[in-house]
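Coordinate analysis (summary)
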Amino acid sequence: MTPTDRSSSQSLIKSIAWYLVLSALVFVGAWFWLTWQLRFLLEQRVSETGHQLAEVAAIASAEAVVSEDKIYLEQLLQQLIEKDFVLQAAIYRLDGTLIIQQSPASGTQQPIEPNDESKLKHMLTAHLPQYLSPAVPFMVEVRWQNSAVGWLQITLDRLQLEQDFRSSSYQITLFSLSAFALSSLLGAIVLWRRTLKKKKPKSVENEPPQTTEHKPLHSLNDAAKRVKQKDLSDDQLHFKPVSLRRFTPHNAPTYQHTGLVQLFSLKPAAKNYDDTENYLSQQLMWQNLLFDAAALMDLKASLIGRNQFLVIGSESQTDDAIKLGALIHYIQQELSHQPELNCHCHMLLGHCSVMIKPLNDHLSLAAGIEFQDWLIKLRNLTSYGFLDEKLAAKIELVEHNSELQSLPLVVENHPDKTVGLPSEISAIIERQAQSLIKKYGNNANSHN
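Let me sum up the structure you'll find in this document. Within each chain, residue numbers correspond to sequence positions counted from 1 in written order. Reporting in this predicted model follows two pLDDT cut-offs: at least 70 for local features of residues, and 80 or more for side-chain atom pairs to be given and counted; totals over whole chains, interfaces and linings ignore these cut-offs and use all residues. Where side-chain values are given, they derive from all heavy atoms of the structure, hydrogens and water being excluded.

Concerning the overall build of the protein chain
Comment: elements are numbered from the N terminus, with helices defined as DSSP H or I runs of at least four residues and strands as E runs of at least two. A count of helices and strands for the protein chain gives eleven helices and 15 strands. Per-residue burial for the protein chain yields a buried fraction of 36% across its 448 residues. Every accessible area reported is derived by Shrake-Rupley at a probe size of 1.4 Å, with residue values counting cover from the shown protein chains alone. Within the structure as shown, the protein chain displays about 28,800 Å² of accessible surface, and the carbon and sulfur contribution to it stands at 56%. With a 1.4 Å probe rolled over the protein chains alone, any residue whose accessible area is under 20% of its type maximum counts as buried; one over 50% counts as exposed, and the rest are partly exposed.

Regarding the pattern of salt bridges
A pair is scored as a salt bridge if a Lys or Arg side-chain nitrogen falls within 4 Å of a carboxyl oxygen belonging to Asp or Glu. One pass over the full model with this rule turns up five salt bridges. Of the charged contacts in the structure, one is a salt bridge between E68 and R93, with a shortest N-O distance of 2.7 Å. Residue E68 is located in the loop between helix 1 (3-67) and helix 2 (70-81), and its partner R93 is located in strand 1 (residues 86-93); the two are separated by 25 residues in the primary sequence. Its relative accessible area of 34% is what places E68 among the partly exposed residues. R93 gets classed as partly exposed once you look at its relative accessible area, which sits at 25%. Notably, a salt bridge pairs E315 with K394, separated by 2.8 Å at the nearest N-O pair. Of this pair, E315 sits in the loop between strand 7 (308-313) and helix 8 (318-335) while K394 is found in the loop between helix 10 (389-392) and strand 11 (398-399), placing the two residues 79 residues apart along the sequence. On the basis of relative accessible area, K394 is assigned to the exposed category, the value being 53%.

As for the sheet that holds strand 4 (residues 147-157)
Sheet strands pair via backbone hydrogen bonds, and the direction of the pair is either parallel or antiparallel. Across the sheet, four strands lie side by side as 2-1-4-3; this open sheet has antiparallel pairing. Each edge of the sheet is formed by a strand with only one pairing partner; in this case those strands are strand 2 (98-102) and strand 3 (135-144). Ignoring strand direction, the axes of neighbouring strands in this sheet form an average angle of 15°. Here, two residues are considered to be in contact whenever any of their heavy atoms come within 4.5 Å of each other. Interaxial angles span 0 to 180 degrees and are taken between N-to-C directions of axes, which are lines fitted to C-alpha atoms, for helices over the stretch in contact. On top of the sheet, helix 2 reaches strand 1, strand 2 and strand 4; it is set at about 35° to strand 2, its chief contact. Between any two strands, pairing holds if DSSP finds at least two bridges.

Re the nonpolar core
Nonpolar core, defined: a set of buried Ala, Val, Leu, Ile, Met, Phe, Trp, Tyr and Cys residues in which side-chain atoms within 4.5 Å join the residues together. Membership of the largest hydrophobic core comes to 46 residues, with the highest contact counts inside it found for F264, W286, L324, I328, I331 and L387. Grouped together as the second largest cluster of nonpolar side chains are 26 residues, L53, A58, V86 and L152 included.

Quick notes on the pairing of strand 8 (residues 343-358)
Where burial is concerned, most of strand 8 is hidden: 13 out of the 16 residues are buried. Two strands pair when backbone bridges link them, and strand 5 (residues 255-268) and strand 8 are joined in this way by 14 bridges, in the antiparallel orientation. Paired with Q256 across the two strands is M355, which belongs to strand 8. Both strand 8 and strand 10 (residues 385-387) contribute to a ladder of three bridges, which runs parallel.

A look at helix 8
The first and last C-alpha atoms of helix 8 sit 26 Å apart over 18 residues, in line with the 26 Å expected at 1.5 Å per residue. Most of helix 8 is tucked away: 13 of the 18 residues are buried. Here, expected helix span is obtained from the residue count minus one, scaled by 1.5 Å.

Points about unusual backbone geometry
Outside of glycine, negative phi angles account for most residues, and trans bonds account for most peptide bonds. Positive phi values are uncommon outside glycine, yet D298 reaches one of about 60°. Relative to the helices and strands, D298 resides in the loop between helix 7 (276-296) and strand 6 (301-305). By relative accessible area, which is 64% here, D298 ends up exposed. Backbone geometry places N413, a non-glycine residue, at a positive phi of 65°. Tracing the backbone shows N413 in the loop between strand 13 (409-411) and strand 14 (417-418).

Everything listed here is a matter of coordinates, which is why it stays silent on function.
This is the structure we're talking about:
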């Protein structure tokens, strides 16, 4: 073996060793993280299942405990112990004396004979918690008319309850070992082939450099084809640096708004969505219409997503937001008979917290946990509007059959209430709506 071969072999061994060490660190780290998640889920599942089952059973048995209806209690406990993971269920009087107790019939579960697969499974899940006894008791108080009348105890078999999680841990561990072995083998093969290529002698010949004759470019399409075919040299390619800074003229910082929030969803009711030009023009018309409508109410609207608009303000502007909702609803009703202008409109109004990042005068990014729940509510609305309970508590609501003109709003926890508008306010809103319809309706018709 020549010194060069010996050096190449040592380099190959070091490369493989480093690759195996780094791969092992990645797989072991991922395996530890997944195992920790499974251990947490094991504890959470046993605790939640035990408490929920015991509390529901205690509520169902309250009246029967007072009357000591043992037939009903026996049926109730029998339903509980039919579950594979319930070992025992019992009900006691308030002084601790037993009323009734139920346990599964002995010998219902056949012992599983150990085999090679079960031994391997036990070995790969040995890192999970092991228990001296699988029985976990849960005891809750049985209450009837706000008074304690007894106790209900349920004993769960945690091993049976955790069986699917333990099977998942076994599969994850087995997959991690298989993936590590496969990646190690592929990595070793790749490094070995690279070492072989380095050992091949390079032929050094004084060959004149090959020059290629480049044809002049005639169009951008021609340039794109020749770049794709690698028919252009580097000195013929000059790309202008691209900057996105001009798309964010404000560079405004992100801020949090907590207060009045109004969300609109305006989706054009186009007959044919394949007609992209008409659909987009209809969408743009409704966007501009909403911006102008918000300006009439001294409010500012921002586009935060496809067909979704955000209006924010202080609680003193609640009346203006209600007027804006009434204005959009009136315009929608007036344009509903014109398919080329009709739009599906929905509104959500209330008190919310949202993080906002302005991008320009009419475009913003909005996020937040509470705000995401609002977006889900907006997508699931079946009526025109929804008013949340926080804001509804601060304004005067009227009955649906009131003499005042009302909005088709669903008021949270007040199904028989809505928001009323005095006749003079309704008249002003109708005149504003007609003005906007005349402005944008004529523009849309002339475009079509």
